[in-house]
Amino acid sequence: MGELNGVKSLELLVLVDNTPGREELRSAWGLSILLKTDSYVGLFDTGPDPYTLQHNMDVLGIDPKSLSFIVISHDHWDHVGGLRYLAESGTRCNVFIPSSAIDLGEWLQRHGFIVTRVDSRTEVAQGTTVFLLGNFIDELSMVVTVKNFGGVLLVGCSHPGIERIVETAHGIAKRLRVVIGGMHLLDASEDRLRKVVNTFEQYSIDEVYAIHCTGDVATEYFREKLPSYRVGFTGLVLRYGTC
Ligand SMILES: [Zn+2]
Ligand SMILES: [Zn+2]
């Protein structure tokens, strides 16, 4: 997967996050990120409930039927709850889920979605790849390769460990530049936080948006020790590549 297969442009929009950012949008404990490229629109996770997702998609004028695919990082309530809204809105696209999420797969099929169960590296759309790592909880992470820029990594909760996820993503993208999502460092020791910072520096990541379940202590630590740390919130828009 080289740059030739990448997208020309990528826009990320944080649809749901715990941190509020724009008055007109609702925020809630959970995660959902919309990705728009020059050739498709996809959704990474759906937040904790149908109401928050629906409200924010309505306000931002996003038609749920425009989605080419949905990726669910893992079967935790704060990532799958918005699926109910998408089902009710008539969205019937392909949903990529960890192969071990049996109940979720059955629910999706009952609601008319096409389900792809992922247990290895899989291309979701041209330039967008998901991969599965396990550690008690199996979780999908997603890399979007942008031409003449590099890789953008989206993570759900990082239950398998953000260090392992970054290392694997680095092997997929030619040059990994951006990481965004939940990093699950709520009760991480200082030693662990130092290792995480080292990982981001080792791979020369330019921008780290540590949001959702990263935790206040870790966020403070990043703010002090990680120059590439960036603040993330509901409504954040990021653009990469050329339009
Ligand atoms: Zn979560
Ligand atoms: Zn989780």
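Please refer to the structure higher up on the page.
Below is a summary of the structure that appears in this document. Keep in mind that this is a model prediction, so the values were computed, not measured.

1. Remarks on the overall build of the chain
Within the chain, the secondary structure is distributed over seven helices and 14 strands. Seen through its principal axes, the chain has C-alpha atoms that stretch 45 × 35 × 35 Å. Counting only residues that meet the buried cut, the chain has 49% of its 243 residues in that class.

2. Let's talk about the nonpolar core
One finds Ile33, Val71, Phe96 and Leu153 to be the most contacted residues of the largest nonpolar core, which totals 71 residues. With six residues, strand 1 (residues 9-16) is the largest single contributor of residues to this core. In contact with Ile33, other than residues within four places in its own chain, are Leu12, Leu13, Val14, Leu15, Phe44, Asp45, Leu154 and Ile180.

3. Some thoughts on the sheet that holds strand 4 (residues 69-71)
With mixed pairing, seven strands are arranged side by side in an open sheet as 6-5-4-3-2-1-14. Both outer strands of the open sheet, strand 6 (114-118) and strand 14 (237-241), are each paired with one neighbouring strand and no more. Strand-to-strand, the axes of this sheet are offset by a mean angle of 20°, without reference to chain direction. Where strand 3 (residues 41-44) meets strand 4, three bridges bridge the pair, whose relative direction is parallel. By the bridge assignment, Gly42 is partnered in strand 4 with Phe69. Against the sheet, helix 1 (residues 50-60) contacts strand 1 and strand 2 (32-37), and its axis sits at roughly 130° relative to strand 1.

4. Let's talk about the sheet that holds strand 12 (residues 207-211)
An order of 7-8-9-10-11-12-13 is seen for the seven strands of this open sheet, with the pairing classed as mixed. Sheet topology places strand 7 (122-125) and strand 13 (229-230) at the edges, where each strand pairs with a single neighbour. Across five bridges, strand 9 (residues 139-146) lies against strand 10 (residues 150-155) in antiparallel orientation. Looking at the pairing, Val143 lines up with Leu153 of strand 10.

5. Brief notes about the environment of Phe44
Mapping Phe44 onto the fold places it in strand 3. Sequence-distant contacts of Phe44, defined by excluding residues within four places in its chain, comprise Ile33, Leu35, Val71, Met142 and Leu154.

6. Overview of helix 7 (residues 216-225)
Along helix 7, the residues that are buried comprise Ala218, Tyr221 and Phe222. All buried residues of helix 7 fall inside an arc of 100° around its axis, so they share one side. Away from the buried face of helix 7 by more than 90 degrees, exposed residues Asp216, Glu220, Arg223 and Glu224 are located. Residues of helix 7 that are buried sit in contact with helix 6 (190-202), strand 12 and strand 13.

7. Observations regarding the packing of helix 5 (residues 162-172) against helix 6
Interhelical geometry of helix 5 versus helix 6 gives an angle of 10° and a closest axis separation of 9 Å. Between helix 5 and helix 6, the angle is such that the two are roughly parallel. In this structure, helix 5 uses Ile162, Glu163 and Val166 to contact helix 6, whose residues at the interface are Lys195, Val196, Thr199 and Phe200. Looking at the contact of helix 5 with helix 6, its residues break down into four nonpolar, one polar and two charged.

The rules behind each value
Residues numbered from 1 in each chain as written. Chains lettered and ligands numbered in written order. Predicted model: local features only at pLDDT ≥ 70, side-chain atom pairs only at ≥ 80, totals over all residues. Helix = DSSP H or I, 4+ residues; strand = E, 2+ residues; numbered from the N terminus. Buried ≥ 20, exposed ≤ 12 C-beta atoms within 10 Å, placed from the backbone. Core = buried A, V, L, I, M, F, W, Y, C linked by C-beta atoms within 7 Å. Contact = placed C-beta atoms within 7 Å. Pairing = 2+ DSSP bridges. Axes fitted to C-alpha atoms, helices over the stretch in contact; angles between N-to-C directions. Arc of directions from axis to C-beta. Parallel < 35°, antiparallel > 145°, perpendicular 65-115°, else oblique. Nonpolar A, V, L, I, M, F, W, Y, C, P; charged D, E, K, R; others polar.

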